[in-house]
Amino acid sequence: MTQSVVVQVGQCGNQVGCRFWDLALREHAHVNKKGVYDEALSSFFRNVDSRCVCAGFTPSKMLFFSPQAVLVDMEEGVVNEILQGPLREVFDSTQLLTDVSGSGNNWAVGHMTYGSAYREQIVDKLRRAAEHCDCLQCFFLIHSMGGGTGSGLGTRVLSLLEEEFPEVCRIVTSVFPSPEDDVITSPYNSVLALRELTEHADCVLPVENQSLVDIVNKIKHMSHGGKPASAIKRDSAIISGQGGLGGAEKPFDAMNNIVANLLLNITSSARFQGSLNMDLNEIAMNLVPFPRLHYLVPSLTPLYTLADVNVPTRRLDQMFSDAFNKDHQLIRADPKHSLYLACALMVRGNVQVSDLRRNIERLRPSLPFVSWNQEGWKTGLCSVPPVGHSHSLLALANNTCVKPTFMDLQERFTKLYRKKAYLHHYLHVEGMEHSVFSEAVTSLSSLIEEYNHLDATKRRLMPDAPRLRIAT
């Protein structure tokens, strides 16, 4: 059995990461009633007491099992909440790295200052986590793009992962800021981070804050009378309650749950058995035809996975249609009006291969694929459905619809950079120079141009000419 390590950096990364661990424990507790340490658990958890193979866990407590994770933040607040919350017994100090002053919404401070100061400690914790794995397959990095620690130190950790473990797959979940973000310098941080993601990640799953807000509002309207409290339990995946953290519910909890559910679904084949399991390293191999174009747009259905929402379960065929609907994308995009390079469908529950193939054939005519990869589908079937549902679907689309997100970032960056606004805060950081900005801008422009080139081929898409037949 292969193992993976989750690296969560910054406030957002740690909040999402701990929500993932909380929901994963609940999911395993639902499937593994006796709490026996088995192959499913070993993929993301280690048994810290080899004398005990049975923890007798409940959804909120698993003695002797520890997540294979590294938690990094340059402020203590979120990590301290974790250590005081329901998950306090599953993490230990060797997995944690914190400071007190934070990065001040400055990518350069996170990447240059803290990245250099804590380099050895970060590498040591990553190596320790890797040593606990019999067959390390993947690193999952969770971070945000708008702040200083998530964007700066998060991408520094990514480059260290490539340096220390070049053969291990690196899948990054990046939360992009909305235009109304309260961090004024978020365009700088995001563009600087984006260059690092383009250069050092194997796959990036972009998630937009505004899309998460829209999805949470949609779920509220789906409940009875638009009142979520009447239809959604407090400890569900939408209203998180304490969800791995202490204290009352916070404004971003519901949004964090959506991202955590994305991670639950993408890791399901690694954690449970299925008739057509998909290895994590197969994602990049099959969905990334060009090294820089590795941004995979995620789409989830049902949107209320793991939540006790009084909405009828969608029919199987409708679920497949929903996955290609813009309302189910985790970034604001419409893939049907853009070009597919490749697409993965990761299905959970009692779904047959024939159901999968039938729906692909049904949807294929409406989905514009590049002419040279019309068969660019990767499929996975995991037999264990999400708790409370009969089936679910995660679609990962390598699609040019991600381009508007990058163009919006470029425009917001240019507005500040043209006036040299706030630059002095970055240039005062040791190791930061004007060239870092110019290289990031060039990288982003080049990335957009690559997508433009592919989009231009869509207008010329024509069915292949029939093969010549030899008369007999």
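Everything numeric here is computed off the predicted structure, so don't read it as measured data.

A.B. asks: Explain the packing of aromatic side chains to me, using residue names and the numbers behind them.
C.D. replies: What the rule picks out here adds up to 23 aromatic pairs. With a centroid separation of 5.3 Å and an interplanar angle of 45 degrees, the aromatic rings of tyrosine 37 and phenylalanine 65 are classed as tilted. Residue tyrosine 37 is located in the loop between helix H1 (10-31) and helix H2 (39-42), and its partner phenylalanine 65 is located in strand S3 (residues 65-67); the two are separated by 28 residues in the primary sequence. Given the relative accessible area of 24%, tyrosine 37 is considered partly exposed. Seen in terms of ring centroids, tyrosine 295 and phenylalanine 406 are 5.0 Å apart; in terms of plane orientation they differ by 75 degrees. Their pairing is edge-to-face. Residue tyrosine 295 is found in the loop between helix H11 (281-287) and strand S9 (297-301), and its partner phenylalanine 406 is found in helix H14 (residues 403-417); the two are separated by 111 residues along the sequence. For the pair tyrosine 295 and phenylalanine 406, a shared accessibility class is recorded, and that class is buried. Three or more aromatic residues joined by ring pairs form one cluster here, namely Phe20, Trp21, Phe44, Phe45 and Phe140.

A.B. asks: Give me the lowdown on the pairing of strand S11 (residues 377-382), citing residues and values where you can.
C.D. replies: Most of S11 sits out of view: six of its six residues are buried. By the alternation rule, side chains of S11 split into Trp377, Thr379 and Leu381 and Lys378, Gly380 and Cys382, which are all buried. As judged from the six bridges shared by strand S10 (residues 340-349) and S11, these two strands associate in the parallel manner. The residue bridging leucine 345 from the neighbouring strand is threonine 379, located in S11. With respect to chirality, the unit in which S10 leads through helix H13 (residues 353-363) into the neighbouring parallel S11 is right-handed.

A.B. asks: Which residues make up H14, and what are the values?
C.D. replies: An ideal rise of 1.5 Å per residue puts 21 Å on 15 residues; H14 measures up with 21 Å between its terminal C-alpha atoms. Where H14 is concerned, the buried positions are Lys403, Thr405, Phe406, Leu409, Arg412, Phe413, Leu416 and Tyr417.

A.B. asks: Which residues make up the sheet that holds S10, and what are the values?
C.D. replies: Strand order in the open sheet formed by four strands is S9-S12-S10-S11, with mixed pairing between adjacent strands. Strand pairing shows two members of the sheet lacking a second neighbour, S9 and S11, which therefore form its edges. Pairwise comparison of adjacent strand axes, ignoring direction, gives a mean angle of 15 degrees for this sheet. Here five bridges tie S9 to strand S12 (residues 391-399), and the two strands are oriented antiparallel to one another. Along S12, the bridge assignment pairs serine 299 with alanine 395.

Reading guide: rules and limits
In every chain, residue numbers begin from 1 and rise along the written sequence. Since the coordinates come from a predicted model, pLDDT governs what is reported: local features require at least 70, and pairs of side-chain atoms require 80 or more to be given and counted, while whole-chain, interface and lining totals use all residues. The side-chain figures draw on all heavy atoms in the structure; neither hydrogens nor water molecules are used. By convention, a stacked pair of Phe, Tyr or Trp rings (six-membered ring in the case of Trp) has centres within 6.5 Å and planes under 30 degrees apart, an edge-to-face pair has planes over 60 apart, and any other such pair is tilted. Helix numbers and strand numbers start at the N terminus; a helix is a DSSP run of H or I with at least 4 residues, a strand a run of E with at least 2. Any residue under 20% of the maximum accessible area for its type is buried, any over 50% is exposed, and the rest in between are partly exposed; the area is computed with a 1.4 Å probe on protein chains only. A pair of strands counts as paired when DSSP detects no fewer than two bridges linking them. Here the term right-handed applies to a crossover when the path leading from its first strand over the helix to its second strand runs clockwise, the strands being oriented away from the viewer. Between the first and last residue of a helix there are one fewer steps than residues, each counted as 1.5 Å, and that sum is the expected span. Here, axes are lines fitted to C-alpha atoms. For helices the fit covers the stretch in contact, and angles between N-to-C directions go from 0 to 180 degrees.

Geometric descriptors of this kind do not, in isolation, establish any biological role.
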